Amino acid sequence: MAIPFDFWFRWPGTRIGPMEATMRAISVVLLFLVAGECIAQDTGGATGPALTPVLEEIPPRESSEKPRESYLIPALEIVGFDFALNRFNLRYTDRESFDVTASSVRRNLRSSWVTDNDDFEINQFLHPYQGSIYHTAARSSGLGFWTSAAYTFAGSALWEIAGETTPPSKNDQIASGIGGVFFGEALFRMANLTLERGNEPSLWRDLAATAISPATGFNRFALGGRFDSIFPGHKPAFYTQWNFGTTIAEHRVEGTSTRSRRHEAVADFSIGYGLPGEPRYAYRRPFDYFNFEFTASSSNVFENIMTRGLLAGSEYSGDAYHGVWGLYGTYDYMAPQIFRVSSTGLSVGTTGQWGFHGPVILQGSALGGVGYGAAGTVEGLSGDRDYHYGVTPQALLTFRLVFGKVASLDLSGRGYQITRAGAASNRGWENVMRGDAALTVRLSGPHAVTVKYLITRRDAHYPDVGVRDQRRGPIGVFYTLVGNSSLGAVE
């Protein structure tokens, strides 16, 4: 039986256009390529038990010269990308919303910014990914983080005013213009990490980096040797982990949602970059430390995309601990079948490692801050929009206990409250909580097995529909590929 192409690139029961399907397909390939490349380079190609730390085995290949800066090239690329995307959408998706004229541009310049009614996945995933294209176009043209962030914000505003005929949307501007920065910088760093691992250039690394960050690959291939030099990573300690498996049991309270599957295949990837404890590494640039997580499932493809990166901060250390603290930028997108939540925010917090000299090492992060987020059930509450926007206080707490080279125990908790502040209507508020516990046991070399329990809960309060309680708690078993035999501990 033939399976239609867009089966893998849609929400259950939802039809999408070719643009959304294409972008989803690119993103899945992107993350599979970065994972495969990081694992291969992180393990030095090892397949047996003699797995050595990556920083000792493979010295990073760093560029001998600084990339040449260009302020004009990314500006032209952003304008060209917006124009091409508008023409594509005009032809294949919604002519009325993308038939831009001088009159519609003048109207948008004069109109007030609104909260739009687009689908959740478009507003909260595709718009941040669009913003990441702007950001990486500027970064791969030799511009710094903050200058590239300004290009991203301006590119998003250009799209809101001149890319669509609908009134400019403030929620899209935050998702694309700010969330796109945090999403894009993580992709840019992973692409450059892929390029600089190893001593010799390879076509595989170039293609993988292009899949991770298309704008980076485009500038490297299309503009000759001007942007061939690689953004220097300065030898960060990093750890990658892939899990492939399936849920074997779960409990749930579906609430108003009925479109769900009890069992699903799952693949997830995570990377911690710039882990504290490496004495030769300094935190001088935004995202010199970041964490990126991605989960795909057979139920809805994009289940989780989460990144947090240190924007500005300081190091601290002692005989048995080392860490960083400061201001973090965060972008989170979670869709556990029965409801969805997403937030772009700023948090203050710390990331560290404790217990250098014992058999048990503790790593962790603690963050607290505020963002602008959205949450809602898959089925919808009432009205045109099936989710609610608002200012979103949020918190994160993660721990990892590493037991030598044998096992690791990961515990994490996240919380979001989507408030009435900044909402399109003063209807209500929502609390969303996510917690998980995972035990990974290493078998041989990079091969391991993981058992994981994940609980997500949405508690919504609306005057017109009352209280809504939705929960999902699957248990999964996974075959795991670990990045190094130390299971992420920095020695």
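Scroll up for the structure.
Notes on the structure follow. (Residues numbered from 1 in each chain as written. Predicted model: local features only at pLDDT ≥ 70, side-chain atom pairs only at ≥ 80, totals over all residues. Heavy atoms only, no water.)

Description of the overall build of the protein
What counts is decided by this rule: Secondary structure is summarised from DSSP: a helix means a run of H or I of at least four residues, a strand means a run of E of at least two, and numbering begins at the N terminus for each. Burial here depends on accessible area, computed with a 1.4 Å probe over protein chains only, as a share of the maximum for the residue type. Under 20% is buried, over 50% is exposed, and the range in between is partly exposed. What makes two residues a contact is simply this: any of their non-hydrogen atoms within 4.5 Å.
Of the regular secondary structure elements, the protein holds ten helices and twelve strands. For the protein, the proportion of its 491 residues judged to be buried stands at 57%. In the protein, the proportion of contacts linking residues at least 24 apart, taken out of those at least 6 apart, comes to 70%.

Some details on empty space enclosed by the protein
Keep this limit in mind: Site definitions follow a grid-based scheme: protein atoms alone, a 1 Å grid, a 1.4 Å probe that fits but cannot get out for cavities, and for pockets an open set with protein on both sides within 12 Å along at least five of seven lines, plus lining residues having an atom within 4 Å of a point. Grid points are joined across faces, edges and corners, and a volume is the space filled by probe spheres set on the points. Each residue gets one label: Ala, Val, Leu, Ile, Met, Phe, Trp, Tyr, Cys and Pro are nonpolar, Asp, Glu, Lys and Arg are charged, and the others, such as Gly, are polar.
Within this structure, the stated rule accounts for six cavities of 30 Å³ or more. Here the largest cavity is characterised by a volume of approximately 670 Å³. Lining the largest cavity are 35 residues, with S270, N291, E293, R400 and D410 positioned closest to its centre. Looking at the lining of the largest cavity, the element that brings in the most residues is strand β2 (residues 265-273), giving five residues. Here the lining of the largest cavity is composed, by residue class, of eleven nonpolar, 15 polar and nine charged. Lining the second largest cavity are 16 residues, with V266, K452, L454, P474 and F478 positioned closest to its centre. Only β2, β4 (301-317), β11 (447-462) and β12 (466-482) provide two or more residues apiece to the lining of the second largest cavity. Here the lining of the second largest cavity gets five residues from one element, more than from any other, and that element is β12.

Focus: the packing of helix α3 (residues 72-92) against helix α7 (residues 145-162)
The geometry of a pair of packed helices is captured by two quantities: the angle between their axes and the separation between those axes. This is how it is decided: To obtain each axis, a line is fitted to C-alpha atoms, and for helices this fit is confined to the stretch in contact; angles are then taken between N-to-C directions over 0 to 180 degrees. For classification, angles of less than 35 degrees are called roughly parallel, those exceeding 145 degrees roughly antiparallel, those between 65 and 115 degrees roughly perpendicular, and all remaining angles oblique. Crossings are sorted by hand: turned counterclockwise from the far helix by less than a right angle, the near helix makes the crossing left-handed, and turned clockwise it makes it right-handed.
Interhelical geometry of α3 versus α7 gives an angle of 30° and a closest axis separation of 10 Å. For the element pair α3 / α7, the angle class is roughly parallel. In terms of crossing hand, the pair formed by α3 and α7 is right-handed. Two secondary-structure elements touch here, α3 through P74, A75, I78, V79, D82, L85, N86 and N89 and α7 through Y151, G155, L158 and W159. Residues belonging to the contact of α3 with α7 are distributed by class as follows: eight nonpolar, three polar and one charged.

Points about the pairing of strand β10 (residues 429-444)
For the record, the criterion: The pairing criterion for strands is at least two bridges between them, as found by DSSP.
Pairing of strand β9 (residues 407-418) with β10 involves twelve bridges; the strand directions are antiparallel. Residue pairing in the sheet places G415 in a bridge with M433 of β10. Judged from the 15 bridges that link them, β10 and β11 form a sheet pairing that is antiparallel. By the bridge assignment, M433 is partnered in β11 with R457. The hairpin turn running from β10 into β11, its antiparallel successor, is two residues long, and G445 in that turn takes a positive phi close to 55°.

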